[in-house]
Amino acid sequence: MDGRIDVRNLSKSFGTFRAVDDLSFSVEPGRITGFLGPNGAGKTTTLRMVLGLIKPTSGTATIGGTPYTQLTHPISTVGAALEATNFHPGRTGRDHLRVIASAAGLPDSRADELLTLVGIPAAARKRAGGYSMGMRQRLGLAAALMGDPKVLILDEPANGLDPEGIRWLRGFLRHLASEGKTILISSHLLAEVEQTVDDVIIIANGRAVRQGTIDELRGEKRVRVLSPQSDRLARALSDAGLQVRPAEGGGLSVIADETAQIGEIAYRAGVPVHELHSERADLEQLFFQLTENTNRNLGDPAQGFAAPQEGGR
Amino acid sequence: MGTAIKAEVRKLLTTRLWWGMAIAVLAAGALLALLMASILNETPNPEQQAQGQPAMTPLQIATSTYTSGSAFGYVLLMVIGIMTIGSEYRHKTITGSLLAVPHRSRLIAAKVIALLAFGVLYGLIFLIGSVGAGATVLSIRGLEVFPEPGTLLRSLVLVLLVLGLWALIGLGLGVLITNQIAAILVGVGVAFIVEPLLGVLVSQVSWGESLAKYFPSRATNAVLQGYAQDGSTNQLSWWAGALVLIGYAAIMVAIGTFLTERRDVT
Ligand SMILES: Nc1ncnc2c1ncn2[C@@H]1O[C@H](COP(=O)(O)OP(=O)(O)OP(=O)(O)O)[C@@H](O)[C@H]1O
Ligand SMILES: [Mg+2]
């Protein structure tokens with residue numbers, strides 16, 4: 001099994017409400033894929049369909065070519081953590097994991113190993129009802145990892161984690177991806193996963209609005225330069241083979257990796273430079289543009305889709 | 001399948017519910033046995049006769065003593081049945097359960113087998129309470145403790161089955177009414193109030209008796225005591241009663257499986 005997640009034309013209606021609408025994407029092994037969208041976009045509904053918990057109205061979702069419900073060893077194939085509240089409050093963390101261990105035919109010792117791995121060994125004997133949000137997240141993650149699965153599906157895993165926890169999670173997911181695992185994590189904050197993910201799928205109102213690698217989404221690196229002799233500088237930069245265009249709010253915007261390169265061209269052309277800095281697409285801004293004004297959960301249903309816009313400025 | 005059953009047994013044993021219920025079942029068995037062993041007589045005195053207490057054989061006294069508490073026992077097991085699925089909905093652990101056992105009918109089957117096993121376990125606890133307390137009082141009063149051992153033993157063994165079947169009825173009810181508290185209130189309300197009242201009402205009409213004997217509580221009495229408590233002659237034989245109870249349990253489990261197969265787990 002290659003551990004590829006394949007979602008084809010997946011739709012789900014709750015009554016007349018179309019929560020997920022003709023969604024198609026695939027998640028590749030060895031990469032971390034961010035599944036992004038504002039609240040109510042349909043992320044959790046999609047993940048639950050992938051896991052066989054919600055029946056799709058139409059379309060299919062498979063993992064390594066097999067629907068989740070037909071996997072012979074689900075826990076050892078796919079690890080999933082959906083919400084941080086899925087624990088019986090009267091059961092200890094260790095017992096919670098042991099229930100999963102017995103269902104999956106794993107040794108009981110896995111429970112303590114995993115509690116240590118996610119950093120809450122002391123929570124073993126404590127009832128889950130008394131856990132903090134971060135402890136619940138970690139217990140959920142431990143449950144997902146019980147069978148050492150090839151595929152990880154995590155719904156908002158960073159919710160409630162402290163900065164140290166988020167950094168640990170990042171490193172840990174990187175490590176797992178480097179082992180060739182398929183990792184799909186959802187979030188409603190692009191900034192939260194920006195440094196973690198390789199690929200992104202952005203959805204709004206149940207539809208995909210953008211898919212690609214995080215670098216594609218960021219667009220090319222640009223340098224902004226402000227000079228009192230804009231025309232001369234523009235000519236000098238073009239002559240050096242660079243693509244130049246007027247920047248919003250004055251100055252020039254040049255496709256280039258380094259500010260030093262621009263500074264040197266200006267120096268050789270004898271053009272004074274007042275401002276020089278590198279610019280990157282503001283992903284949060286981009287995310288907002290892709291998903292803004294279209295949230296059906298916030299009313300104004302007449303509003304159509306804003307066409308996906310290019311770039312961050 | 002074996003792993004799924006083991007997981008269900010673990011779920012039951014890893015919360016406080018199971019021993020809380022064990023104490024309640026033990027108490028129900030012991031207290032009712034104490035009461036029955038103290039008041040029942042082979043030949044009631046005139047005052048009791050005036051109140052309609054019939055003459056009883058030693059077997060009837062012993063059976064009544066050891067099994068009367070099962071009316072509370074089976075309601076407790078029904079509550080356990082409700083909670084094995086109700087608490088999964090309430091605490092949303094159903095998500096994790098279905099991730100581990102995605103085949104939904106297999107999950108229900110595992111719960112059914114685990115509940116039947118717990119019916120036996122709780123039945124033994126019940127008998128420890130009822131036989132322990134009842135036999136002590138009967139022997140102090142000089143009454144026969146174990147008359148007609150064959151028939152009496154059959155009643156005691158059937159307690160184990162009856163409790164398991166009521167747990168299955170609860171399981172079906174818990175799937176039907178996903179709000180755990182509502183399901184428990186409805187289940188207990190029907191078992192303690194609605195069903196007995198309905199039985200009395202139905203019995204007023206001429207054909208009523210032949211219908212009322214199929215009611216769950218009456219079928220249960222038929223299985224355990226082998227004679228009618230109210231002296232009515234219209235009672236199922238013990239094995240017919242057992243078949244009727246198995247029928248109820250099967251229907252409730254079938255409804256539960258049907259609904260679980262179709263529901264979205266959100
Ligand atoms: N069982 C249900 N019945 C009716 N509507 C539902 C149901 N589950 C989800 N929805 C609706 O479907 C939409 C998508 O919900 P979903 O939980 O998938 O969003 P999400 O992207 O996970 O949001 P969030 O970031 O808040 O977790 C929402 O508008 C929600 O109200
Ligand atoms: Mg969600």
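Conventions adopted
Residues numbered from 1 in each chain as written. Chains lettered and ligands numbered in written order. Predicted model: local features only at pLDDT ≥ 70, side-chain atom pairs only at ≥ 80, totals over all residues. Heavy atoms only, no water. Helix = DSSP H or I, 4+ residues; strand = E, 2+ residues; numbered from the N terminus. Buried < 20%, exposed > 50% of the residue type's maximum accessible area, 1.4 Å probe, protein only. Contact = heavy atoms within 4.5 Å. Areas by Shrake-Rupley, 256 points an atom, 1.4 Å probe, with all protein chains shown as cover. Lys, Arg positive; Asp, Glu negative; His and termini not counted. Charge placed at Lys NZ, Arg CZ, Asp CG, Glu CD. Rg over C-alpha atoms; globule rule 2.2 N^0.38 Å. Pairing = 2+ DSSP bridges. Axes fitted to C-alpha atoms, helices over the stretch in contact; angles between N-to-C directions. Patch = residues over 30% accessible without salt bridge, like charges linked within 9 Å, V, L, I, M, F, W, Y side chains within 5 Å. Salt bridge = Lys/Arg side-chain N within 4 Å of Asp/Glu carboxyl O. Core = buried A, V, L, I, M, F, W, Y, C linked by side-chain atoms within 4.5 Å. Parallel < 35°, antiparallel > 145°, perpendicular 65-115°, else oblique. Left-handed = near helix turned anticlockwise from the far one by under 90°. Nonpolar A, V, L, I, M, F, W, Y, C, P; charged D, E, K, R; others polar. Domains from an automatic or database assignment. Buried area = accessible area lost by both parts, 1.4 Å probe.

Caption draft 1: Layout of the overall build of chain A. Counting its regular elements, chain A contains 11 helices and 13 strands. Considering only C-alpha atoms, chain A reaches an extent of 75 × 45 × 35 Å along its principal axes. With 313 residues in all, chain A has 51% of them scored as buried. Sequence separation of 24 or more characterises 68% of the internal contacts of chain A that already satisfy a separation of 6 or more. For chain A, the exposed area adds up to about 13,800 Å²; of that, 49% sits on carbon and sulfur atoms. Each charge class in chain A can be summarised by its mean position, and for the 35 positive and 36 negative side chains these summaries are 5 Å apart.

Caption draft 2: Representation of the overall build of chain B within the structure. Summing up its helical and strand segments, chain B has 12 helices and 0 strands in all. Tracing chain B from N to C terminus, the helices and strands come up as α-α-α-α-α-α-α-α-α-α-α-α. Scaling as 2.2 N^0.38, a compact globule of 266 residues should have a C-alpha radius of gyration of about 18 Å, and chain B matches this with 20 Å. Considered along the principal axes of its C-alpha atoms, chain B spans approximately 65 × 40 × 30 Å. Across the 266 residues of chain B, 53% fall into the buried class.

Caption draft 3: Examining the sheet that holds strand β6 (residues 151-155) of chain A more closely. All names here are of chain A. The sheet built from 6 strands is open, its strands ordered β5-β6-β7-β3-β8-β9 with mixed pairing. Of all the strands in the sheet, just β5 (78-81) and β9 (207-213) have a single pairing partner and so form its edges. Looking at each pair of strands side by side, their axes are set apart by 15° on average, direction ignored. Alignment of β6 against strand β7 (residues 182-187), held across 5 bridges, turns out to be parallel. If you follow L154 over to β7, its bridge partner there is I185. Set on the sheet, helix α1 (residues 43-50) makes contact with β3 (32-36), β6, β7 and β8 (199-204); between it and β6 the angle comes to about 150°. In the packing of helix α5 (residues 133-145) onto the sheet, contacts are made with β5 and β6, and the angle to β5 comes to roughly 165°.

Caption draft 4: Structural detail: the environment of L76(B). All names here are of chain B. As for its placement among the helices and strands, L76 is situated in helix α5 (residues 70-90). When the C-alpha positions of L76 and I193 are compared, they lie 15 Å apart, and in sequence the two are 117 residues distant. Ignoring any residue separated from it by four or fewer positions in sequence, one finds L76 in contact with M21, A24 and V25.

Caption draft 5: Layout of a nonpolar patch on the surface. Residue and element names in this part refer to chain B. Nonpolar side chains collect at one region of the surface, where F72, V186, V190, F192, I193, V194 and L197 lie side by side and expose about 600 Å² of accessible area between them. If you tally residues by element for the nonpolar patch, the top one is helix α9 (residues 180-204), at 6 residues. Structurally, V186 is set in helix α9.

Caption draft 6: View of the nonpolar core. Counting 154 residues, the largest nonpolar core has I5(A), L51(A), L97(A), I153(A), L173(A) and Y122(B) as the members making the most contacts within it. Among the elements that line this core, the one with the most residues is helix α8 (residues 149-176) of chain B, at 15 residues. Beyond its immediate stretch of four places on either side in the chain, I153(A) contacts I5(A), L47(A), V50(A), L51(A), V78(A), G79(A), A80(A), A81(A) and L184(A). Listed in part, the 14 residues of the second largest apolar core include A236(A), L237(A), A256(A) and V271(A).

Caption draft 7: Quick look at the packing of helix α4 (residues 58-67) of chain B against helix α7 (residues 104-140) of chain B. Residues and elements named next belong to chain B. At a minimum axis separation of 8 Å, α4 and α7 run at an interaxial angle of 135°. Between α4 and α7, the angle falls in the class oblique. Pair α4 / α7 crosses with right-handed handedness. Judged by residue contacts, I61, A62, T65, Y66 and T67 of α4 engage F126, S130, V131, G134, A135 and L138 from α7. Broken down by class, the residue content of the contact of α4 with α7 amounts to 7 nonpolar, 4 polar and no charged.

Caption draft 8: Structural view of the sheet that holds strand β1 (residues 5-14) of chain A. All names here are of chain A. Strand order across the open sheet formed by 3 strands is β2-β1-β4, with antiparallel pairing between neighbours. Looking at which strands have only one partner, the edges of the open sheet turn out to be β2 (17-27) and β4 (58-63). On average, adjacent strands in this sheet sit at an angle of 20° to one another, irrespective of strand direction. Sheet topology places β1 next to β2; 7 bridges connect them, and they run antiparallel.

Caption draft 9: How the structure looks around the domain arrangement of chain A. Under the domain assignment used here, chain A contains domain 1 (5-217 + 284-291) and domain 2 (220-279). Taken over C-alpha atoms, the centre of domain 1 of chain A sits 44 Å from the centre of domain 2 of chain A.

Caption draft 10: Quick peek at the packing of helix α2 (residues 17-39) of chain B against α7(B). Residue and element names in this part refer to chain B. Where α2 meets α7, the axes come as close as 7 Å, and the angle between the chain directions of the two elements is 30°. When the axes of α2 and α7 are compared, the pair comes out roughly parallel. Once α2 is placed against α7, the crossing between them reads as right-handed. Class assignment of the residues belonging to the contact of α2 with α7 gives a composition of 19 nonpolar, 5 polar and no charged.

Caption draft 11: View of the interface of chain B and chain A. Contacts between the two partners involve 25 residues from chain B, matched on the other side by 30 residues from chain A. Contact between chain B and chain A buries roughly 2,500 Å² in total, counting both sides, with carbon and sulfur atoms accounting for 55%. Between chain B and chain A we count 2 salt bridges in total. Between R10(B) and D108(A) there is a salt bridge, with the nearest N and O atoms lying 2.6 Å from each other. Here the residues of the side of chain B that touches chain A are counted per class, giving 6 nonpolar, 9 polar and 10 charged.

Caption draft 12: Structural view of unusual backbone geometry. Unlike most non-glycine residues, N9(A) shows phi in positive territory, near 50°. Turning to its location among the elements, N9(A) is positioned in strand β1. Judged by relative accessible area, N9(A) falls into the partly exposed class, the value being 40%. Positive phi values are uncommon outside glycine, yet E148(B) reaches one of about 40°.

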